[in-house]
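Architecture at a glance
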Amino acid sequence: MADTTPDTTTIHRAPIDRLTAWYQPIVDLNTAEVRGFEALMRIVEPDGRAHSAGPLIETLQQDADALVAVVERLMVCIREDVVPVFERQGDFYVSINIPPSIIGSGRLRPIVEALDLAHWGRRIVVELTERQALSDEGRAAVRVAREAGIAVAVDDFGTGHSGLAQIVGLELDILKIDRSLVTPALTSRSAARLLRGIVGLAESLRMRTVAEGVESIEEAFYLRAVGVDYGQGYFWSKAVPAAQMSALLDRGFAATLEWPAAD
Ligand code: G
Ligand code: MN
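Fair warning: this is a prediction, and the values are worked out from it, not measured in the lab.

Side note on the side chain of R42
Here R42 shows up in strand β2 (residues 34-44). There is no salt bridge for the buried R42, and the closest opposite charge comes from E38, which lies 8.7 Å off by N-O distance.

Structure, rendered in structure tokens:
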């Protein structure tokens, strides 16, 4: 009798091949220049509509080979979309979200080498969530990434219910402050103190700060005033297709440095 067991590799491969990276700008709060992009996976329909790849990737969590295929797809996008822009323009980076299990198990490095990305290491930043960074797997991933010359960012900082002391113990480059710490800081004195404390902590650890989920000019001005370095969020831009990256780098967001005049 013929074996009718579905081949899970082909089941998973088809949607993975339709994944593509879109890029959300990370903006210098002082100059309004674009300093980086976070690559976010999207599924683009034939009619051009794009939706998040989050739910698909969620279903693959237990399937290491499928996750590696997603990471491979992401790195191919980086190679095609971002390296030509790296070659043309200095001083910006791309950040990527990769499961720490894939990094720690040594399966990232061969992909990076096959795509000749190793020498761009300092301009490729791996984001690990606070929770991931503090797990055993996460610590191993931080070590492997740093050995490969890749920078590391803590994502969603403030949501991990973790000990600060442990974050301090890891050598990290960038602290991404979660939106849940940003929004209340404009209206609550204690939340504002907490935010200022985090900025001071990052400064003393020589970590750059990125505020996530910035949606209004009030938030952008406040974050600049308390010394946060960079911001990311709908206030400036959603993730855009690769073709728009160069224009954003050239143009920046200078208009957003001015408080709108009352009319
Ligand atoms: O935590 P992480 O950096 O992975 O989050 C990226 C996600 O945040 C993306 O799915 C993106 O669509 C979403 N996002 C980006 N900017 C904003 C914003 O300004 N507000 C909110 N609520 N979500 C945002
Ligand atoms: Mn992220």
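Structural notes on the layout of surface pockets
The space that makes up the largest pocket amounts to roughly 930 Å³. Forming the walls of the largest pocket are 33 residues, and the residues nearest its centre are E38, A39, L40, N97 and D155. A class-by-class count of the residues in the lining of the largest pocket yields 14 nonpolar, 10 polar and 9 charged. Of the pockets and cavities examined, the second largest pocket occupies roughly 260 Å³.

Section: the site of ligand 1
If you check the shell around ligand 1, you find 14 residues, and the closest are Q24, D156, E212, E215 and Y234. D155 is positioned such that a nitrogen or oxygen atom in its side chain is 3.3 Å from an oxygen atom of ligand 1. Alone, ligand 1 offers 530 Å² of accessible surface; in the complex the protein occludes 69% of this. Among the cavities detected, the one that contains ligand 1 is the largest pocket.

Some remarks on the coordination of the manganese ion (ligand 2)
Here the manganese ion (ligand 2) is held by E38 (OE), N97 (OD1), E127 (OE) and D155 (OD), and the distances to it run 2.1 to 2.5 Å. The coordination sphere of the manganese ion (ligand 2) comprises 6 donor atoms, whose angles at the metal cover 59 to 179 degrees; the geometry is irregular. Expressed as a motif, the donor residue spacing for the manganese ion (ligand 2) is E-x58-N-x29-E-x27-D. Remark: N97 occurs in strand β4 (residues 93-97) and E38 occurs in strand β2; sequence separation between them is 59 residues. Looking at N97, the relative accessible area reads 32%, which means it is partly exposed.

Structural notes on the pattern of salt bridges
Inspection of the entire model under this criterion finds 14 salt bridges. Among the ionic pairs, E127 bridges to K176, the shortest N-O distance being 2.7 Å. Of this pair, E127 sits in strand β5 (residues 124-129) while K176 sits in strand β7 (residues 174-177), and the two are 49 residues apart along the sequence. K176 carries the same exposure label as E127, and that label is buried.

As for helix α3 (residues 64-88)
In a regular helix each residue adds 1.5 Å, so 25 residues correspond to 36 Å; α3 covers 35 Å between its end C-alpha atoms and thus fits that length. Along α3, the largest kink reaches about 40 degrees and is centred on V82; proline P84 follows within four residues of it.

Describing empty space enclosed by the protein
Summed over all chains, the structure comprises 1 cavity of 30 Å³ or more. Its boundaries defined by the atoms lining it, the largest cavity holds a volume of some 50 Å³. In terms of lining, the largest cavity is formed by V27, D28, L29, A32, A220, F221, R224, W236, T256 and L257. Elements supplying a minimum of two residues to the lining of the largest cavity: β1 (19-28) and α11 (217-225).

Comments concerning unusual backbone geometry
Phi at D91 is positive, roughly 60 degrees, even though this residue is not glycine. Inspection of the secondary structure puts D91 in the loop between α3 and β4. In this structure, D116 is a non-glycine residue whose phi angle is positive, near 60 degrees. Turning to its location among the elements, D116 is positioned in the loop between α5 (109-114) and β5.

A few points about the nonpolar core
Counting 78 residues, the largest nonpolar core has Y23, M75, I78, I96 and I98 as its most contacted members. The element that contributes the greatest number of residues to this core is α3, accounting for 14 residues.

Some remarks on the packing of aromatic side chains
In the structure shown here, the tally under the stated rule is 5 aromatic pairs. Between F235 and W236, the aromatic rings sit 5.1 Å apart at their centres with planes inclined by 65 degrees, giving edge-to-face as the arrangement. Take W236: its relative accessible area is 9%, and that puts it in the buried class. The structure contains a cluster of three or more aromatic residues connected by ring pairs, namely F37, F86, F92 and W120. Against the face of F92 rests R123, its NZ or CZ located 5.3 Å from the ring centre. Over the ring of F221 we find R224; its NZ or CZ atom is 4.8 Å from the centre of that ring.

Quick word on the pairing of β7
The side-chain alternation of β7 yields two buried faces, one formed by I174 and K176 and the other by L175 and I177. Bridge count between strand β6 (residues 151-157) and β7: 3 bridges; the pairing is parallel. If you follow V154 over to β7, its bridge partner there is L175. Pairing of β7 with strand β8 (residues 208-211) involves 4 bridges; the strand directions are parallel. Paired with I174 across the strands is R208, a residue of β8.

Here is what the cut-offs are and how they apply
- Residues numbered from 1 in each chain as written.
- Chains lettered and ligands numbered in written order.
- Predicted model: local features only at pLDDT ≥ 70, side-chain atom pairs only at ≥ 80, totals over all residues.
- Heavy atoms only, no water.
- Helix = DSSP H or I, 4+ residues; strand = E, 2+ residues; numbered from the N terminus.
- Buried < 20%, exposed > 50% of the residue type's maximum accessible area, 1.4 Å probe, protein only.
- Lys, Arg positive; Asp, Glu negative; His and termini not counted.
- Salt bridge = Lys/Arg side-chain N within 4 Å of Asp/Glu carboxyl O.
- 1 Å grid on protein atoms, 1.4 Å probe; cavity = no way out; pocket = protein on both sides within 12 Å on 5 of 7 lines; lining within 4 Å.
- Points joined across faces, edges and corners; volume = space filled by probe spheres on them.
- Nonpolar A, V, L, I, M, F, W, Y, C, P; charged D, E, K, R; others polar.
- Near = heavy atom within 4 Å.
- Polar contact = N/O pair within 3.5 Å; in protein donor to acceptor, adjacent residues only side chain to side chain.
- Areas by Shrake-Rupley, 256 points an atom, 1.4 Å probe, with all protein chains shown as cover.
- Sits in = over half its atoms within 2 Å of the grid points.
- Donors = N, O, S within 2.8 Å, 3.2 Å for Na, K, Ca; no water.
- Tetrahedral: all angles 85-135°; square planar, octahedral: opposite > 155°, others 65-115°.
- Expected span 1.5 Å × (residues − 1).
- Bend = angle between axes of the 7 residues up to and from the residue.
- Core = buried A, V, L, I, M, F, W, Y, C linked by side-chain atoms within 4.5 Å.
- Phe/Tyr/Trp six-rings, centres within 6.5 Å; stacked < 30°, edge-to-face > 60°.
- Lys NZ or Arg CZ within 6 Å of the ring centre and 35° of its normal.
- Pairing = 2+ DSSP bridges.

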